Amino acid sequence: MTERRAIGRPGLRLRITIAFLGGALAVSALVAGTTYVLAERYLSSRRIDDSVQQAFAGLRDALRYLSQPAVAASGEEVDLEALGAVLEAHADNVLLDPEADGIDYYASSLSITPTSVPGALSTAVERGEVGYAYRNATPRQLVFGSPLPQNDIRAYFFFALTDLDQTLRILRNVLVGVSAGAVALAALAGSRVSARVVDPVRRASRAARRVAEGLLETRLPVSGRDELAAMAASFNEMAAALEERITRERRFVGDVSHELRTPLTTLRASTDYLVQHGRDLPPAVRRAVELLAADLEYLQRLVDDLLDLSRVEAGRVDMAWERLSLADLAREVVARRTRSGQGAVRIEFDGDPETLSTVADKQRLERVVGNLVDNALVHGGGDVTVRVAADDGALLVSVEDRGPGIPPEAGYRIFERFYKADPARRRGDGRGAGLGLAIARENAHLHGGEILVHSGRSGGTRFTLRLPRREQEPEP
């Protein structure tokens, strides 16, 4: 039985972890972004208010300076350098730009010129307005501008925003670090939660697969009192009920088969006596005796197969382990089938026949290979190839025919007891009762192996017995 997985689709555990990760990333990004925006607005607002207050304080000092009697009575142009010295105490840099032509501006730093003032702010101050703007320089600056009444001078205060930018940078780094930590913790939590949820589901899936393969004693560990523990307990109850029911059915089949053997033996002996003296019987009676003998032989094989199958499924078998060569075993099985006139079978070996050896139960392994060869001879039209090979620590025995193949709807039922791919098949056509493949698979399981089947679209079927390569008898 093969496990089917969605191609290209991540597992449930990975999807749960990704969901936790995505949720944490979205929440962290929202919280960090909102915190940064609010903090940036608040700190910028505070810095603007402080800068504006300093600028207005400087303007008041400038007006007091300009209103001094000595300065007002001089009647000369305002000393921009002296006025700038008054304003420098209130800003990082100061620019005094007279409106009159031919008079140079004053700047407290060589890096400050009238072109350093943002254009929108310069235009607003020229109209007699008061305002501020940001200057994209290194470092970033806040520029406050205002005209000096009755003096035809435009005053600009430059405030460096180094401390504000550094504070926002630290805040941004802290938020990014916290968000990354939150995402990492969410990924860890998602992995733990998904493991807590998915691992029991995986164990239940593997247990269900083992039960489907016939290992009815499989149970799940029950821990805790949550929904997963309840699921495990329910699974164990179901498996126990299924095991009990199938055990009863196997016991019933075994008991019936065993009870039928004695009367069948008596009938067979009586029928054989009649067949031996058939020449003394009327033709009609002789024909009836022959039909009875054929049916009794078929019924006895069926009872023997059912009894053996019930013992194998119930685990009441003793394995006679011995070292044997699969190449020699395949030759013996094919030789017996070809001597009986069932058809020609080719044998191929992929590798040295001496190395194709393992420890197995010869009688049961012969039955496995024999049933596969019989099935191929009956359904494959007589063109059968048996191939023995080694593959990665295992031994393979493939039986391939050129028949019509197995219908797609019958592929998953081919190993069921009494299943016949052709429902129109009659008991008297020499094709058995449909137990050969079921017996072969159960005996393969006793060896720790498996039988795989492949049927081509254009016809032909290949059954492959895969056995572990053993050097000694397995422990019970």
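These figures come from a predicted structure and were not determined experimentally. (Residues numbered from 1 in each chain as written. Predicted model: local features only at pLDDT ≥ 70, side-chain atom pairs only at ≥ 80, totals over all residues. Heavy atoms only, no water.)

Caption draft 1: Spatial organisation of the sheet that holds strand 10 (residues 394-401). Read from one edge of the open sheet, five strands run 7-9-10-12-11, paired in mixed fashion. Edge positions in the sheet fall to strand 7 (345-350) and strand 11 (450-455), since each of these pairs with one other strand and no more. When strand polarity is set aside, the average angle formed by the axes of neighbouring strands in this sheet is 15°. Pairing of strand 9 (residues 384-391) with strand 10, which is carried by eight bridges, proceeds in the antiparallel orientation. When the bridges of strand 10 are listed, R387 appears paired with S398. Together, strand 7, strand 9, strand 10, strand 11 and strand 12 (461-468) form the strand contacts of helix 9 (residues 362-379), whose direction differs from that of strand 12 by roughly 170°. The strands touched by helix 10 (residues 436-446) within the sheet are strand 11 and strand 12, with strand 11 carrying the most contacts at an inclination of about 135°. (Pairing = 2+ DSSP bridges. Helix = DSSP H or I, 4+ residues; strand = E, 2+ residues; numbered from the N terminus. Axes fitted to C-alpha atoms, helices over the stretch in contact; angles between N-to-C directions. Contact = heavy atoms within 4.5 Å.)

Caption draft 2: Expanded view of a nonpolar patch on the surface. Among the surface-exposed residues, F20, V193 and V197 lie close enough to one another that they form a single nonpolar patch of about 200 Å² accessible area. The residue F20 is located in helix 1 (residues 12-66) in this model. (Patch = residues over 30% accessible without salt bridge, like charges linked within 9 Å, V, L, I, M, F, W, Y side chains within 5 Å. Areas by Shrake-Rupley, 256 points an atom, 1.4 Å probe, with all protein chains shown as cover. Salt bridge = Lys/Arg side-chain N within 4 Å of Asp/Glu carboxyl O.)

Caption draft 3: Structural view of the sheet that holds strand 4 (residues 141-148). Within the open sheet, the five strands sit side by side as 2-1-5-4-3. Their pairing is antiparallel. This sheet does not close on itself; its edge strands, each paired only once, are strand 2 (106-107) and strand 3 (131-135). Pairing of strand 1 (residues 93-98) with strand 2, which is carried by two bridges, proceeds in the antiparallel orientation. Pairing of L95 across the sheet is with A107, part of strand 2. Packing against the sheet, helix 4 (residues 119-126) makes contact with strand 3, strand 4 and strand 5 (153-160), and its axis sits at approximately 15° to strand 4.

Caption draft 4: Representation of the pairing of strand 12 within the structure. Where strand 10 meets strand 12, eight bridges bridge the pair, whose relative direction is antiparallel. Each residue of the ladder has a partner; that of S398, found in strand 12, is T464. Pairing analysis gives six bridges linking strand 11 to strand 12, with the strands arranged antiparallel. Note on strand 12: the bridge partner recorded for I451 is L465.

Caption draft 5: Just the packing of aromatic side chains, in detail. By the definition in use, this model includes two aromatic pairs. For the ring pair F56 and F144, a centre distance of 5.4 Å and an interplane angle of 65° mean the geometry is edge-to-face. Here F56 is found in helix 1, whereas its partner F144 is found in strand 4, with 88 residues between them in sequence. Given a relative accessible area of 3%, F144 falls into the buried group. Look at F144 and F157: their rings are 6.3 Å apart centre to centre, the planes differ by 50°, and that puts the pair in the tilted class. With a gap of 13 residues between them, F144 in strand 4 and F157 in strand 5 connect regions that are remote in the sequence. (Phe/Tyr/Trp six-rings, centres within 6.5 Å; stacked < 30°, edge-to-face > 60°. Buried < 20%, exposed > 50% of the residue type's maximum accessible area, 1.4 Å probe, protein only.)

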